[in-house]
Amino acid sequence: MNTLHSIAQLRAALSRARQDGKRIGLVPTMGNLHAGHIALVEKARQRTDFVVVSIFVNPLQFAAGEDLDSYPRTLEADQRKLLDAGAHLVFAPNVNEMYPHGMQGHTRISVPVVSEGLCGASRPGHFEGVATVVSKLLNIVQPDLAVFGQKDFQQLAVIRKMAQDLCLPVQIMGEPTVRAEDGLALSSRNGYLSEAERQTAPVLYKTLQSIASEIQSGQRDYAALIERARQQLEIAGLRADYLDLRDATSLHPVTANTTDMVVLAAAYLGKTRLIDNLHFVIN
Ligand code: PAF
């Protein structure tokens, strides 16, 4: 398993793989890999013959004051995990390789509506940064399949919409969130939590589960339910950035007729911003 840092080298390696008739899979990541990322690699391995994992902490998707500088960069440990997982190639460009003329005047991909609200409201420019870097990675690698985690539910919706609108010749696949035994969604940012915060963190997913189960048992006063859940989070020590029920496909606010729902949350635990979601259907 090679690690390549330049687009030219990567393209040369990929053209050889393509000439050998291989289907290409891409797993875009920002590194600091955990079992959730490895599940994406495994899915790509099942569906394609040659799996590229990109590792790039993309400055364009971080707003001023966010954790760009402190975001964990652990390339050597990531390489060992990817070798064990059977990835074929790691693409680890630096910022200059991806943005050789800087980011200021760089072309941006903006995906309206689905990028608005939720994380889009609290992280201005975030989804534009994600859509721009993902479209670059898709153009660089030209994979048959690209795999993303469902933990970033809104991100996945943005990427699907972008691929559809721009007629990108790639299948976008979402994979279920991998959780710790106590339910906490695996995330590179969990590493920021103190021991005490880590004990508290599973409350986020438990809250989502209790909202889903109340709705599945017939509760229809969504506003009151969400408000109660928000207070419960607060009592447990989590400050909700948002806690919202949405249509799972469009991400529009739910109506009385919505049956395919997702409850999404972002909450601060100390300085760490955790996100999670739970997709469910009602009869
Ligand atoms: O989910 C992530 O790790 C990033 O947002 C992604 C998709 C790799 C783009 O930088």
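Worth saying up front: this structure is predicted, and the values here are computed from it rather than measured.

**Student:** Would you explain the overall build of the protein in this entry?
**Tutor:** A count of helical and extended segments in the protein gives ten helices and nine strands. For a compact globule of 283 residues, the expected C-alpha radius of gyration is about 19 Å, and the protein comes in at 19 Å, within 12% of that figure. Each principal axis of the C-alpha distribution contributes one length, and for the protein these read about 55 × 40 × 40 Å. Looking at the protein as a whole, 52% of its 283 residues qualify as buried. At a minimum sequence separation of 6, the contacts of the protein that also span at least 24 residues come to 71%. Here the protein carries 28 positive and 29 negative side-chain charges, and the mean point of each set is 4 Å from the other.

**Student:** What is the right way to read the side chain of D78 from this model?
**Tutor:** With respect to the helices, strands and loops of the structure, D78 is situated in helix α3 (residues 75-85). Of the side chains with opposite charge, K81 lies nearest to the buried D78, which makes no salt bridge, at 4.9 Å. A polar contact is formed between the side chain of D78 and the backbone nitrogen of L33, at a distance of 3.0 Å. Beyond its immediate stretch of four places on either side in the chain, D78 contacts G31, N32, L33 and I55.

**Student:** Before we go on, may I ask you to explain the pattern of salt bridges in this structure?
**Tutor:** When the charged atoms of two side chains lie near each other, side chains of opposite charge can form a pair. For the structure shown, the criterion picks out ten salt bridges. K43 is paired through a salt bridge with E175; the nearest N and O atoms lie 3.8 Å apart. Of this pair, K43 sits in helix α2 (residues 35-47) while E175 sits in strand β6 (residues 171-175), and the two are 132 residues apart along the sequence. With a relative accessible area of 14%, E175 lands in the buried category. Two residues, R246 and D244, come together in a salt bridge whose shortest N-O distance is 3.1 Å.

**Student:** Where do I start with the packing of aromatic side chains in this structure?
**Tutor:** Aromatic ring pairs: the centre-centre distance and the angle between the two ring planes describe each pair. Overall, the coordinates contain two aromatic pairs when judged by the stated rule. Seen from their ring centres, F56 and Y99 are 6.2 Å apart, and the 45 degrees between their planes marks the pair as tilted. Residue F56 is located in the loop between β3 (50-55) and α3, and its partner Y99 is located in the loop between α4 (95-98) and α5 (119-122); the two are separated by 43 residues in the primary sequence. We classify F56 as buried; its relative accessible area is 6%. Residue Y99 is classed as buried on the basis of its relative accessible area of 3%. Centre to centre, the rings of F62 and Y71 are 5.9 Å apart; their planes meet at 75 degrees, and the pair counts as edge-to-face.

**Student:** Is there a simple way to explain the site of the ligand in this structure?
**Tutor:** Around the ligand sit P28, T29, M30, Q61, V133, V134 and Q155, and those are all the residues in its vicinity. Between an oxygen atom of the ligand and a side-chain N or O atom of Q61, the distance comes to 2.6 Å. At 2.7 Å from an oxygen atom of the ligand is found a side-chain nitrogen or oxygen belonging to Q155. Elements that contribute at least two residues to the shell around the ligand include exactly β2 (24-29) and α6 (126-141). Looking at the shell around the ligand residue by residue, the classes come out as four nonpolar, three polar and no charged.

**Student:** Which parts of the structure should I look at to understand the pairing of β2?
**Tutor:** In the case of a regular strand, side chains alternate between the two sheet surfaces. Across the six residues that make up β2, a large majority, six, are buried. Burial along β2 is two-sided: the residues I24, L26 and P28 and G25, V27 and T29 are all buried. When β2 meets β3, the two strands line up parallel, connected through six bridges. Bridging from a neighbouring strand, T29 pairs with I55 of β3.

**Student:** When you look at the environment of Q216 in this model, what are you seeing that I'm missing?
**Tutor:** Among the secondary structure elements, Q216 is positioned in helix α9 (residues 203-216). For the pair Q216 and R47, spaced 169 residues apart in sequence, the C-alpha to C-alpha distance is 34 Å. Setting aside its immediate chain neighbours within four residues, Q216 contacts F280, V281 and I282.

**Student:** Would you mind showing me how to read the sheet that holds strand β8 (residues 260-269) here?
**Tutor:** Across a sheet, strands are paired by hydrogen bonds formed along the backbone, either parallel or antiparallel in direction. Sheet architecture is open: three strands sit in the order β7-β8-β9, paired in antiparallel fashion. Each end of this open sheet is capped by a strand with a single partner; those strands are β7 (239-247) and β9 (272-281). With direction set aside, neighbouring strand axes in the sheet form an average angle of 10 degrees. Bridging between β7 and β8 involves eight bridges; their strand directions are antiparallel. Within β8, the position partnered with A240 by the bridge is A267.

Thresholds applied
- Residues numbered from 1 in each chain as written.
- Predicted model: local features only at pLDDT ≥ 70, side-chain atom pairs only at ≥ 80, totals over all residues.
- Heavy atoms only, no water.
- Helix = DSSP H or I, 4+ residues; strand = E, 2+ residues; numbered from the N terminus.
- Rg over C-alpha atoms; globule rule 2.2 N^0.38 Å.
- Buried < 20%, exposed > 50% of the residue type's maximum accessible area, 1.4 Å probe, protein only.
- Contact = heavy atoms within 4.5 Å.
- Lys, Arg positive; Asp, Glu negative; His and termini not counted.
- Charge placed at Lys NZ, Arg CZ, Asp CG, Glu CD.
- Salt bridge = Lys/Arg side-chain N within 4 Å of Asp/Glu carboxyl O.
- Polar contact = N/O pair within 3.5 Å; in protein donor to acceptor, adjacent residues only side chain to side chain.
- Phe/Tyr/Trp six-rings, centres within 6.5 Å; stacked < 30°, edge-to-face > 60°.
- Near = heavy atom within 4 Å.
- Nonpolar A, V, L, I, M, F, W, Y, C, P; charged D, E, K, R; others polar.
- Pairing = 2+ DSSP bridges.
- Axes fitted to C-alpha atoms, helices over the stretch in contact; angles between N-to-C directions.

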